[in-house]
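Notes for the structure review
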Amino acid sequence: MPWFSAQADAISRKRVEELCGRLLEEARTRLRVDFRRVLLLPPDMTRAHSGAGWITETIYKLLPKTCDTHVIPTLGQHVPHDRATNQWMFGSISEEKIHAHDWRNGVTPVGTIPASVVKERFGSGTAVDWDIPIQLNSMLMKEKWDLIVNVGHVVPHEVLGFANHNKNYFIGLAGKDTICAAHLAAATYGIEENLGRLVTPLRACFNWAEEKFLGGLKDVYLQVTMHRDAQGKLVHSGVFVGDDLETYLMAAGLSAKQNITLFDQPIKKIVAVMQGDEFKATWTANKAVYRTRLAMADGGELLIIAPGLERFGEQPEVDALIRKYGYCGTPKILSLYKQNKELQDLAHATGHLMHGSSEGRFTIRYAPGHLSRKDIERVKFEYADLKETLKRYDPAKMKEGWNSMSDGEKVFFIATPSAGLWGTKEKMKGRG
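The present account deals with the structure reproduced in this document. (Residues numbered from 1 in each chain as written. Predicted model: local features only at pLDDT ≥ 70, side-chain atom pairs only at ≥ 80, totals over all residues. Heavy atoms only, no water.)

**Structural notes on helix α9 (residues 201–213)**
The line we're drawing: By the criteria applied, helices consist of DSSP H or I runs no shorter than four residues and strands consist of E runs no shorter than two, each listed in order from the N terminus. One less than the number of residues in a helix, times 1.5 Å, gives the span that helix is expected to have. Partly exposed residues are those whose accessible area sits between 20% and 50% of the maximum for their type, while under 20% is buried and over 50% is exposed, using a 1.4 Å probe and protein chains only.
Counted at 1.5 Å a residue, the expected span for α9 with its 13 residues is 18 Å, and the 18 Å between its end C-alpha atoms agrees. Listed as buried for α9 are Pro201, Leu202, Arg203, Ala204, Cys205, Phe206, Asn207, Ala209 and Glu210.

Written out as structure tokens, the structure reads:
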């Protein structure tokens with residue numbers, strides 16, 4: 001069971017900060033720690049809207065000044081923060097105390113989820129039947145920590161059903177082999193099968209690995225949920241603190257109730273905004289595709305306003321793969337994967353290309369801030385001019401939900417796609 005939790009229509013920042021203090025007090029007694037060395041594991045900038053940055057800073061300040069406290073953003077293979085981004089997100093925490101996760105050279109082998117366990121969790125009827133090697137951040141695994149605090153936002157997610165909990169370890173602080181094997185497994189199983197499920201097959205594998213390999217860590221999860229208040233503002237609705245699976249399940253259960261929007265009929269046109277200060281690549285901006293695909297009508301259009309978009313992949317080699325192959329659909333990508341060593345070597349990119357395709361069902365149109373029409377169309381998306389798009393669909397004037405334009409066009413507007421999941425009742429049946 002969780003150590004404690006709080007739920008309300010709106011939980012103030014002051015209250016969340018108080019709960020951070022309670023976490024430390026309970027960790028002192030439950031885990032018998034004296035706070036000599038503490039590791040904080042928040043998400044990266046793509047979850048900044050959740051308040052994870054100032055929550056991390058709050059815990060950092062509440063720890064004794066004598067405590068040697070360090071921070072590793074759980075960015076997986078995303079681009080590491082620069083100094084300015086760290087300051088923007090984590091405030092007064094010293095740059096010297098914040099460490100970039102190196103998914104290629106900064107990891108240690110921990111063990112393997114054997115193919116037999118993987119196949120059992122995914123089911124005998126699927127094609128997922130390979131080992132998932134577990135490599136985790138060397139600083140996490142090799143150095144001694146009196147306490148590890150995982151900070152995160154539980155929200156629908158395309159790979160694990162819902163984000164956070166041990167995703168912080170097995171994706172956020174994982175090595176290349178783990179990330180590649182896991183992403184390909186989830187993509188092969190099917191993104192639309194993962195969305196909105198509290199325990200997906202991949203999360204079941206990670207639960208097995210956490211119990212098997214991480215039992216020696218003195219760690220605790222601080223997980224928040226968010227929803228929109230009556231004025232349409234994202235506010236905290238839940239804080240769940242504990243060191244077990246039930247803590248995650250309670251948070252994910254609340255997220256399922258609050259962050260999944262259901263429709264009787266598919267939607268013909270959705271306009272979504274991916275904030276310029278958080279989303280620089282389609283690798284993350286495609287959350288607009290993932291979170292709306294269960295709501296999109298066949299033949300419909302998803303228009304993504306992305307003023308910060310400047311690239312496709314998070315690393316140059318992945319960016320090059322996306323530009324070379326494009327989001328051409330799962331059957332084509334799987335066929336190319338079998339023939340091309342570069343896709344096999346960067347299997348997480350292969351999984352991403354599968355996730356980001358509409359499989360020909362609907363149009364994905366990007367209005368990017370820093371990419372050309374040629375760039376966008378090269379990867380099999382459609383293009384829209386950003387200035388013209390903002391003139392017609394001004395996010396400052398649009399309201400969350402249904403909007404009728406001056407010429408009668410009816411569109412559904414989503415201000416923060418990464419904070420939820422949208423789908424038809426038929427497709428979402430039996431989830432959450």
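That shown, we press on.
**Points about the nonpolar core**
What counts is decided by this rule: Put simply, buried Ala, Val, Leu, Ile, Met, Phe, Trp, Tyr and Cys residues joined by side-chain atoms within 4.5 Å make one nonpolar core. Contact criterion: two residues are considered in contact whenever any of their non-hydrogen atoms come within 4.5 Å of each other.
Counting 96 residues, the largest nonpolar core has Ile113, Leu140, Tyr169, Leu202 and Tyr366 as its most contacted members. Per-element tally for this core: the top contributor is helix α7 (residues 176–189), with eight residues. In this structure, Leu140 is in contact with Leu39, Leu41, Trp145, Ile148, Tyr169, Leu173 and Leu217, ignoring residues within four places of it in sequence. Counting 35 residues, the second largest nonpolar core, distinct from the first, contains Ala6, Cys67, Phe90 and Leu147.

**Topic: the environment of Glu314**
The test is simple: Two N or O atoms form a polar contact when they lie within 3.5 Å of each other; inside protein one atom must be a possible hydrogen donor and the other a possible acceptor, and for residues adjacent in sequence the pair counts only when both atoms belong to side chains.
Checked against the element boundaries, Glu314 lands in the loop between β13 (296–306) and α13 (316–325). Note on Glu314: relative accessible area 9%, which makes it buried. For the pair Glu314 and Asn403, spaced 89 residues apart in sequence, the C-alpha separation works out to 34 Å. Sequence-distant contacts of Glu314, that is, excluding residues within four places in its chain, are made with Gln77, His78, Val79, Ala281 and Trp283. Polar side-chain contacts of Glu314 include one of 2.8 Å to the backbone nitrogen of Val79. A polar contact of 3.4 Å, which involves the side chain of Glu314, links it to the side chain of Arg311.

**Comments concerning the packing of aromatic side chains**
Basically, it comes down to this: Any pair of Phe, Tyr and Trp rings, taking the six-membered ring for Trp, is counted once the centres come within 6.5 Å. Such a pair is stacked with planes under 30 degrees apart, edge-to-face with planes over 60 apart, and tilted for the rest.
Using the criterion set out here, one finds nine aromatic pairs in the structure. Considering the side-chain rings of Phe122 and Tyr189, the 5.6 Å spacing of their centres and the 80° angle between planes classify their relative orientation as edge-to-face. A residue pair is termed long-range when its members are at least 10 positions apart, and Phe122 in helix α4 (residues 115–122) and Tyr189 in helix α7 qualify at 67 residues. With centroids separated by 6.4 Å and ring planes inclined at 70°, the aromatic side chains of Tyr169 and Tyr221 adopt a geometry described as edge-to-face.

**Observations regarding the side chain of Ser50**
Topologically, Ser50 is positioned in the loop between β2 (37–41) and α2 (52–62). Only 2.7 Å separates the side chain of Ser50 from the backbone oxygen of Arg47, close enough to count as a polar contact. Side-chain polar atoms of Ser50 contact the backbone nitrogen of Ala52, separated by 3.3 Å. Residues within four places of Ser50 in sequence aside, it is in contact with Ile55, His153, Val224, Met226 and His236.

**Some thoughts on the sheet that holds strand β14 (residues 363–368)**
Threshold: DSSP calls a pair of strands paired once it identifies at least 2 bridges connecting them.
Spatially, six strands are ordered β15-β14-β13-β12-β17-β16 in an open sheet, and the strand pairing comes out mixed. Each of the sheet's edge strands pairs with one partner strand only, and the pair in question is β15 (382–383) and β16 (401–404). Bridging between β13 and β14 involves six bridges; their strand directions are parallel. Following the sheet pairing, Glu301 is matched in β14 by Thr363.

**Considerations on the pairing of strand β12 (residues 267–273)**
Of all seven residues that make up β12, six are buried, and the element is covered over most of its length. Pairing geometry for β12 and β13, over six bridges, is parallel. Across the sheet, residue Ala272 finds its bridge partner in β13, namely Ile304. Bridging between β12 and strand β17 (residues 410–414) involves three bridges; their strand directions are parallel.

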